[in-house]
Amino acid sequence: MKEQSPSLRNIAIIAHVDHGKTTLVDFMLRQSGTFRENQAVNERVMDSMDLERERGITIASKNCSIFWKGVKINIIDTPGHADFGGEVERGLKMVDGAILLVDASEGPLPQTRFVLKKTLEAHLKIIVLINKIDRKDARPQEVLDEIYNLFIDLDADDTQIEFPVLYAIGREGIAQKTLEEPGKDLSPLFDAILSEITPPTYDPREPFQMLVTNLSYSDYMGRLAIGRVFHGSAKKNDNLACLGKEGEPRPLKISSLQVYEGIHLQEVETAEPGDIIILSGIENVEIGDTISTLEAPKALKRITVDEPTVFMKFMINTSPFAGREGKFVQSRKILERLEKETLHNVALRVESGENADSFMVKGRGEFQMAILIETMRREGFELSVGRPQVIFKEKNGVQLEPIEHLFVDIQDDFTGVVTEKLSRRQGRMINMVNHGTGRVRLEFSVPSRGLIGYRNEFLTDTKGTGLMNSYLQGYEPYRGDIKSRVTGSLVSDRQGDSVAYGLFHLEPRGVLFIEAGVPTYEGMIVGENNREQDLNVNPCKEKKLSNMRAAGKDENISLSPVLPMTLERAIEFIRDDEQVEVTPKTIRLRKNTLSATFRK
């Protein structure tokens, strides 16, 4: 006989990247009275990581709670990017319903499809919220039709397709039931959550069971396990058991029991069914483990995550400048840090490489890898990384490769150049929609390896106005070779500081990556060659000074401005025989083999 916890609701907010999830959560916290009237609060308070604030995206799932009409609502803010899909899958394990947020102009985009598919598979109740209806180009009615089509396309059942619809202006904290009647605040949304989302159900005959869906660390309390209580209740200082992959119960004692109150943690004495709780006092626990009673340990179904599709080689830095800027340079430290990351991030896997100083890191996409590398360099790590490679599979002797479903939103003038570039990368156009607004939406089926290194080229081709998104469609037979970069590299042939005179005479050869006065070494890539092959050059060349008068007077040397090298641009640029040297202060490109003689 199942029972319910009527004073509790657990919901996730799911959407495509940049459709306004975190801004909406801000207003939900404010209007439910979580913050005091005059309390100073940051914008996008849930984006707590520096990288999230800088890029304006959510990278890790986060929890908070609000109270409305005496009911506690636990909210999980999930990322909208498919590379962080592991975070979404974990978040959905803790909830009974979801708010699907869709931009009133852009409509459902690839990541909307990705997160919605996961939600429908979990059989959760969905409330659709069409956001940004105040945009000049908003088309809420058409977007609603597109959402219905998407539900049908994803095989939603009859109960799921009968979803309630609300309209919102997230940045003003307004929700309304119809487009005509103006809203004042988010109360229609809060009321919809209470009436539409079912309270957590539990079986009173079952023992205490909690599924660990997230891990954290506190300097005061050590390892923290975060998860939802499915059945039973537990008190502080209870003796419980942790059931891992092997199913062997490991005894443990809860030293602290906390729940979310707003964005902060609140110590409590007991945990009830449906609560999302934070336990401390557990040392070796992994995501997916079940915490149950010691007398009757019983495991819940483990979290399963989509397979990784991309891997990158992480190595120690072996350049002549190694150890100058980083705090952690040893392979042991790098491995420890990567293994710590896999504890928090179920979508990442680490395997040993061909020698003791290199490791294979497997994940969902190059963007996820770039975020990991950027986080590590900010923590003081110094390392080298290779080019992202896709993970191939084999079935009945046929080589299969991951295929992406790519959506491109561009001005119609750029259709030709984008289609041509993608067809060179084995992409096939499968759909084209023209709303008559001067912009078109194209859909392609393209191998994942064809998209590695394409984003920068795409932004250049569309003059920075194009939008490009994709999700993994599945595996198909190998589509044939793709020519990656058609240009070579300008490689320094000696160690020394670059000189304006030398760089000035290299400019006709290609695009430079460094300015004057930058330390270089043999094998370091200083620019992109106009031609296909690599070219060894001398960026440290100085002008010969003699006492003979020159026929013409000296020209004043002025170099073209250099675009600063970012981590994503570096990862996209390199070829298979090159790597990126990452330190807390610098990003350099280099050849795997530094010596020009050995490279020949």
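See above for the structure.
Residues numbered from 1 in each chain as written. Predicted model: local features only at pLDDT ≥ 70, side-chain atom pairs only at ≥ 80, totals over all residues. Heavy atoms only, no water.

## Let's talk about the overall build of the protein chain
And step 1. The helix and strand inventory of the protein chain stands at 15 helices and 37 strands.
And step 2. For 600 residues, the compact-globule formula gives about 25 Å, and the C-alpha radius of gyration of the protein chain, at 27 Å, lands near that figure.
And step 3. Dimensions of the protein chain, computed from the C-alpha atoms along their principal axes, are close to 100 × 65 × 60 Å.
And step 4. The buried share of the protein chain, taken over its 600 residues, is 55%.
And step 5. Considering only intrachain contacts with a sequence separation of at least 6, the fraction spanning at least 24 residues in the protein chain is 71%.
And step 6. Element-wise, carbon and sulfur atoms account for 48% of the exposed surface of the protein chain, whose accessible area totals about 28000 Å².
And step 7. Averaged over its 78 positive side-chain charges, the protein chain has a centre that lies 5 Å from the centre of its 90 negative ones. (Helix = DSSP H or I, 4+ residues; strand = E, 2+ residues; numbered from the N terminus. Rg over C-alpha atoms; globule rule 2.2 N^0.38 Å. Buried < 20%, exposed > 50% of the residue type's maximum accessible area, 1.4 Å probe, protein only. Contact = heavy atoms within 4.5 Å. Areas by Shrake-Rupley, 256 points an atom, 1.4 Å probe, with all protein chains shown as cover. Lys, Arg positive; Asp, Glu negative; His and termini not counted. Charge placed at Lys NZ, Arg CZ, Asp CG, Glu CD.)

## Observations concerning the side chain of Asn529
And step 1. Along the chain, Asn529 falls in strand β34 (residues 524-529).
And step 2. A polar atom in the side chain of Asn529 sits 2.8 Å from the backbone oxygen of Gln533.
And step 3. The contacts of Asn529, once residues within four sequence positions are left out, are Thr487, Gly488, Ser489, Leu490, Arg509, Asp534 and Leu535. (Polar contact = N/O pair within 3.5 Å; in protein donor to acceptor, adjacent residues only side chain to side chain.)

## Thoughts on the environment of Val408
And step 1. When you line up the elements, Val408 lands in strand β26 (residues 398-411).
And step 2. On the accessibility criterion, Val408 (1% relative accessible area) is buried.
And step 3. In this structure the C-alpha to C-alpha distance between Val408 and Arg441, which are 33 residues apart in sequence, comes to 5.6 Å.
And step 4. Ignoring anything within four residues of it in the chain, the contact list for Val408 reads Val418, Leu422, Val440, Arg441, Leu442, Phe444, Phe458 and Leu467.

## Considerations on the nonpolar core
And step 1. Residues Leu100, Leu116, Val128, Ile130, Ile147 and Phe151 are the most contacted members of the largest nonpolar core, which totals 40 residues.
And step 2. At 5 residues, helix α5 (residues 140-153) tops the list of elements feeding residues into this core. (Core = buried A, V, L, I, M, F, W, Y, C linked by side-chain atoms within 4.5 Å.)

## Some points on the packing of aromatic side chains
And step 1. For the coordinates displayed, the defined rule picks out 8 aromatic pairs.
And step 2. Judged by centre distance (4.6 Å) and plane angle (35°), the ring pair of Phe151 and Phe163 falls under tilted. With Phe151 in helix α5 and Phe163 in the loop between α6 (158-161) and β7 (165-169), this pair connects stretches of sequence that are 12 residues apart.
And step 3. The class of Phe151 is buried, set by a relative accessible area of 0%.
And step 4. We classify Phe163 as buried; its relative accessible area is 5%.
And step 5. Geometrically, the ring pair formed by Phe513 and Phe573 is edge-to-face, given 5.0 Å between the ring centres and 90° between the ring planes. Of this pair, Phe513 sits in the loop between β32 (510-512) and β33 (519-520) while Phe573 sits in helix α14 (residues 567-573); the two residues are 60 residues apart in sequence, bridging distant segments of the chain.
And step 6. Aromatic ring contacts, followed pair by pair, group Tyr148, Phe151 and Phe163 into a single cluster.
And step 7. The positively charged end of Lys393 is found above the aromatic ring belonging to Tyr475, 4.2 Å away from the centroid. (Phe/Tyr/Trp six-rings, centres within 6.5 Å; stacked < 30°, edge-to-face > 60°. Lys NZ or Arg CZ within 6 Å of the ring centre and 35° of its normal.)

## Regarding α5
And step 1. Compared with an ideal rise of 1.5 Å per residue, which puts 14 residues at 20 Å, α5 spans 20 Å between its outermost C-alpha atoms and is within 8% of the ideal.
And step 2. Turning to α5, its buried residues number three or more, namely Pro140, Val143, Leu144, Ile147, Leu150 and Phe151. Buried residues in α5, looked at end-on, bunch into an arc of 115°, giving them a common side.
And step 3. Where α5 is buried, its residues touch β5 (97-103), α4 (110-121), β6 (125-131), α6 and β7.
And step 4. Asp155 sits one or two positions beyond α5 and adopts a positive phi of about 60°. (Expected span 1.5 Å × (residues − 1). Arc of directions from axis to C-beta.)

## Comments concerning the pattern of salt bridges
And step 1. Within this structure, the stated rule accounts for 36 salt bridges.
And step 2. Arg337 serves as the salt-bridge partner of Glu379, at 2.6 Å between the closest nitrogen and oxygen. Of this pair, Glu379 sits in the loop between α9 (366-378) and β23 (383-385) while Arg337 sits in helix α8 (residues 331-344); the two residues are 42 residues apart in sequence, bridging distant segments of the chain.
And step 3. Of the residues examined, Glu379 reaches a relative accessible area of 33% and is grouped as partly exposed.
And step 4. Between Lys591 and Asp577 there is a salt bridge whose closest N-O contact spans 3.1 Å. Taken together, the residues span a long stretch of sequence, with Lys591 in strand β37 (residues 587-591) and Asp577 in the loop between α14 and β36 (578-582) at a distance of 14 residues.
And step 5. Residue class for Asp577 comes out partly exposed when judged on its relative accessible area of 36%.
And step 6. Shared partners join several salt bridges into a network, and the residues in it are Asp103, Glu106, Lys132, Arg135 and Asp137. (Salt bridge = Lys/Arg side-chain N within 4 Å of Asp/Glu carboxyl O.)

## Quick notes on unusual backbone geometry
The phi angle of most residues is negative, glycine excepted, and most peptide bonds adopt the trans form.
And step 1. The backbone of Asp155 shows a phi angle near 60°, a positive value even though the residue is not glycine.
And step 2. By the secondary structure assignment, Asp155 is in the loop between α5 and α6.
And step 3. One non-glycine residue, Lys463, lies in the positive phi region at around 55°.
And step 4. Following the sequence through the fold, Lys463 ends up in the loop between α12 (455-461) and β29 (467-477).
And step 5. On the basis of relative accessibility, which here comes to 67%, the residue Lys463 falls in the exposed class.

## So, the side chain of Asp409
And step 1. Within the fold, Asp409 resides in strand β26.
And step 2. Here the side chain of Asp409 touches Arg439 through a polar contact of 2.9 Å, side chain to side chain.
And step 3. Setting aside residues up to four positions removed in sequence, Asp409 forms contacts with Arg439, Val440, Arg441, Thr465, Gly466 and Leu467.

## Regarding the packing of helix α1 (residues 21-31) against helix α7 (residues 187-196)
And step 1. Relative orientation of the contacting elements α1 and α7 amounts to 90°, with a least axis distance of 11 Å. With respect to each other, α1 and α7 are oriented roughly perpendicular. Residues Leu24, Met28 and Gln31 of α1 form the contact with α7, whose own contacting residues are Leu189, Phe190 and Ile193.
And step 2. Class assignment for the residues of the contact of α1 with α7 results in 5 nonpolar, 1 polar and no charged. (Axes fitted to C-alpha atoms, helices over the stretch in contact; angles between N-to-C directions. Parallel < 35°, antiparallel > 145°, perpendicular 65-115°, else oblique. Nonpolar A, V, L, I, M, F, W, Y, C, P; charged D, E, K, R; others polar.)

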